[in-house]
Amino acid sequence: MAIEFRNVTKTYPDGTVAVDNFSLHVPSHTCTVLLGSSGCGKSTLLRMVNRMVDPTSGAVLIDDDDVATTEPVALRRRIGYVMQDSGLLPHRRVVDNIATVPRLNGASKAEAHRRANELMEIVGLDAAMARRYPRQLSGGQQQRVGVARGLAGDPNILLMDEPFGAVDPLVRVELQRELQRIQTELRKTIIFVTHDIDEALTLGDQIVVLKKGGEVAQIGKPQEIVEAPANDFVAQFLGLDSARRSLNAAPRDGGGWLVSDGRGRPLGVVDTVPDQHTDTD
Amino acid sequence: MEWILNNLPRITDLTLAHLMLALPAVAASFLIAVPIAWAANRVRPLREVVVSGTGLLYAVPSLPLFIVLPILLGTGVRDTFNVIVALTIFGLALMVRSAADALDSVDAGVRLASTAVGYSPAMRFFSVELPLAGPALLAGLRVVSVSTISLVSVSAVLGVQSLGSLFTDGFERAIIPSIAAGIVLTAVLALLLDLLLVAVGRLIMPWARVGQS
Ligand SMILES: Nc1ncnc2c1ncn2[C@@H]1O[C@H](COP(=O)(O)OP(=O)(O)O)[C@@H](O)[C@H]1O
Ligand SMILES: [Mg+2]
């Protein structure tokens, strides 16, 4: 399922122009990351896909069908949505939270629970969590439940709005790895919103760097954006200008090389480095 | 105590009569207040007007209301329907604000998420917003329950039978134990009903006492 944003503009009732004439092609079965600072219109764009927001002008198409012609509630039930702070229903047990969409789609309780248990396994949640309430889980576990709920209706499209933004860095890396693993199996069309560059580089097949008002600063694969930032804005956003991504390697006493960034911040150790890139003297 | 034992059948009757007045009024206050509160929250500019307006009803003196209402309703002063309507009005005065605040307090993220996963607006209200407002609604209902139980007694002055009659009779005939029993039993009844509400709340909202976020 490919998604197409065609010249979409969103002006909120208070006059805020959140997105101004934005166009993008999101290829099916890949992960497209919308990367930009807070307030640049990422969530607004994401919500246009499942009609939580209707564009003031322009259109969003899923496989060439304008979403405006689809009834919003039905549309949302076939698109997964995962958000920050998971948005789980605090009065429903984990298993019932995950079973929400199958239930809304008319599955029997038993069937929906079977599906929920399946998903708990897929996202790496212990079966013992099923009977707990969301508040009885850690932040990372709650996000897993959020992802499981997003996948439970077996949607072709998954919308993720800073889903790992509120968990600590270690857990975030773990969740990103899980998502990558799940994606290699399920191959959903994912739009993933984040303001975290490292997360974008990790997860994106395609990265869209956004400026205020949803203005596209650059679209490209992760390595294209790192190797050839289109302009100063992108370079600055990636930290390329602040020496964060210019690396040096120095030999260690015990063998191997210590890699540090342009500011001398140690990043890690490698066994060997190619001669022409070393900085040994 | 001895007086209570000697008058047990009458006290039982009066307690039942008391409940027959209070319970329908408490239930009606709740069932009417929730839709009013919902509507008031939807039409934002009117919210404060509706909520404060109904709140002001509580300032209406109870005895005159018991007397004026029959004229409007076309019922007799001693008609229980009249008393129940009056009690419901006082219940609404407390419950509309409680319910409006309770429904308003439902987390915006949870609302957004339930819309995003595909709840229709009506389903979202009944399966998400109403249950999540439950603990705050219950808190409001408990106040209404206690207030109604105590207000019922006022209607005894008009001759409507309730535990308040123990007080009015005792006063007329100078039976101190009857007055004391009227006061104590009203308080006990209010307490029992409150405990019952709390117990029901725990039963139907087990999630509310779980963990913290
Ligand atoms: N419902 C709304 N009403 C008015 N302005 C809004 C609304 N939602 C978002 N905005 C504004 O639109 C802009 C883009 O918001 P958003 O899409 O949430 O950005 P992001 O997700 O990138 O942080 C911001 O300036 C925000 O304040
Ligand atoms: Mg956002």
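Throughout this document, residue positions are counted from 1 along each chain, in the order its sequence is written. Lettering for chains starts from A, numbering for ligands starts from 1, and both go in the order in which the items are written. Per-residue local features of the predicted model are confined to residues with pLDDT of at least 70, and side-chain atom pairs are confined, for both listing and counting, to 80 or more; whole-chain, interface and lining totals are unaffected and use all residues. Excluding hydrogens and water, the side-chain values take into account all heavy atoms of the structure.

Looking at an unreviewed UniProt entry, one finds chain B named ABC transporter permease subunit, with Nesterenkonia natronophila as its source organism. According to its UniProt record, chain B has this under Sequence similarities (unreviewed entry): "Belongs to the binding-protein-dependent transport system permease family." UniProt positions are given in the numbering used here, feature names are shortened, and annotations may be inferred rather than shown by experiment.

With an unreviewed UniProt entry as reference, chain A is termed ABC-type quaternary amine transporter, source organism Nesterenkonia natronophila.

Peer 1: Account for the side chain of Ser 153 of chain B, naming residues and giving values.
Peer 2: Residues and elements named next belong to chain B. By definition, any uninterrupted DSSP run of H or I lasting at least four residues is a helix, any uninterrupted run of E lasting at least two residues is a strand, and each is numbered from the N terminus. Inspection of the secondary structure puts Ser 153 in the loop between α7 (121-152) and α8 (164-172). On the basis of relative accessibility, which here comes to 19%, the residue Ser 153 falls in the buried class. By definition, residues are in contact when any of their heavy atoms lie within 4.5 Å. Ser 153 has contacts with His 18, Ser 162, Gly 164 and Thr 186, leaving out every residue within four places of it along the chain. Each residue gets one of three labels from its accessible area relative to the maximum for its type: buried under 20%, exposed over 50%, partly exposed in between, using a 1.4 Å probe on protein chains only.

Peer 1: Report on the site of ligand 1, specifying residues and quantitative values.
Peer 2: All names here are of chain A. Near residues are defined by distance, with any heavy atom within 4 Å of the molecule or strand qualifying the residue. Close contacts around ligand 1 come from Tyr 12, Asp 14, Thr 16, Ala 18, Ser 37, Ser 38, Gly 39, Cys 40, Gly 41, Lys 42, Ser 43 and Thr 44, and that covers them all. Within 3.5 Å is the distance limit for a polar contact, defined as a pair of N or O atoms, with the added protein rule that one can donate a hydrogen and the other accept it, and that residues adjacent in sequence qualify only through two side-chain atoms. Between ligand 1 and Gly 41 there is a distance of 3.1 Å, counted from an oxygen atom to a backbone nitrogen or oxygen. At 2.7 Å from an oxygen atom of ligand 1 is found a side-chain nitrogen or oxygen belonging to Ser 43. Calculation of accessible area relied on Shrake-Rupley with a 1.4 Å probe; when residues are assessed, cover is drawn exclusively from the protein chains displayed. Considering ligand 1 on its own, with 560 Å² of exposed area, one finds that the protein chains cover 65% of that surface. Among the elements that make up the shell around ligand 1, the one with the highest residue count is helix α1 (residues 42-49) (three residues). Broken down by class, the residue content of the shell around ligand 1 amounts to three nonpolar, seven polar and two charged. Residues are grouped as follows: nonpolar covers Ala, Val, Leu, Ile, Met, Phe, Trp, Tyr, Cys and Pro; charged covers Asp, Glu, Lys and Arg; every other residue, Gly included, is treated as polar.

Peer 1: Account for the domain arrangement of chain A, with residues named and values stated.
Peer 2: An automatic or database domain assignment supplies the residue ranges for each domain. For chain A, the domain assignment lists domain 1 (3-238) and domain 2 (246-280). Here the C-alpha centroids of domain 1 of chain A and domain 2 of chain A sit 37 Å apart.

Peer 1: So what about the pattern of salt bridges? Which residues, and what values?
Peer 2: Salt bridge, as applied in this entry: a Lys or Arg side-chain nitrogen positioned within 4 Å of an Asp or Glu carboxyl oxygen. All chains considered together, the criterion is met by 17 salt bridges over all chains. In this structure, Glu 178 of chain A engages Arg 144 of chain A in a salt bridge whose closest nitrogen and oxygen atoms are separated by 3.4 Å. Here Glu 178 of chain A, found in helix α7 (residues 169-186), pairs with Arg 144 of chain A, found in helix α6 (residues 139-152); they are 34 residues apart in sequence, far enough to count as distant. In this structure Arg 144 of chain A comes out as buried when scored by relative accessible area, which is 9%. Residue Arg 10 of chain B pairs with Asp 169 of chain B through a salt bridge whose shortest N-O separation is 2.5 Å. Placement of Arg 10 of chain B in helix α2 (residues 8-42) and of Asp 169 of chain B in helix α8 is noted, with a sequence separation of 159 residues between them. On the basis of relative accessibility, which here comes to 31%, the residue Arg 10 of chain B falls in the partly exposed class. Through salt bridges that share partners, Arg 144, Glu 174, Glu 178 and Arg 181 of chain A make up one connected network.

Peer 1: Residues and numbers for unusual backbone geometry, please.
Peer 2: For His 29 of chain A, which is not glycine, the phi torsion reads 60° and is therefore positive. Tracing the sequence through the fold places His 29 of chain A in the loop between β2 (17-26) and β3 (31-35).

Peer 1: Describe the packing of aromatic side chains, and please don't skip the residues or the numbers.
Peer 2: Residues and elements named next belong to chain B. Two rings from Phe, Tyr or Trp (for Trp, the six-membered ring) form a pair when their centres are within 6.5 Å of each other. A pair whose planes differ by under 30 degrees is stacked, one over 60 is edge-to-face, and the rest are tilted. Following the criterion strictly, the structure yields seven aromatic pairs over all chains and no others. A ring pair is formed by Phe 167 and Phe 171, whose centres lie 6.3 Å apart and whose planes are at 10°; its orientation type is stacked. Taken together, the positions of Phe 167 and Phe 171, both in helix α8 and four residues apart, correspond to about one turn of that helix. Residue classification places Phe 167 among the partly exposed positions, given a relative accessible area of 35%.

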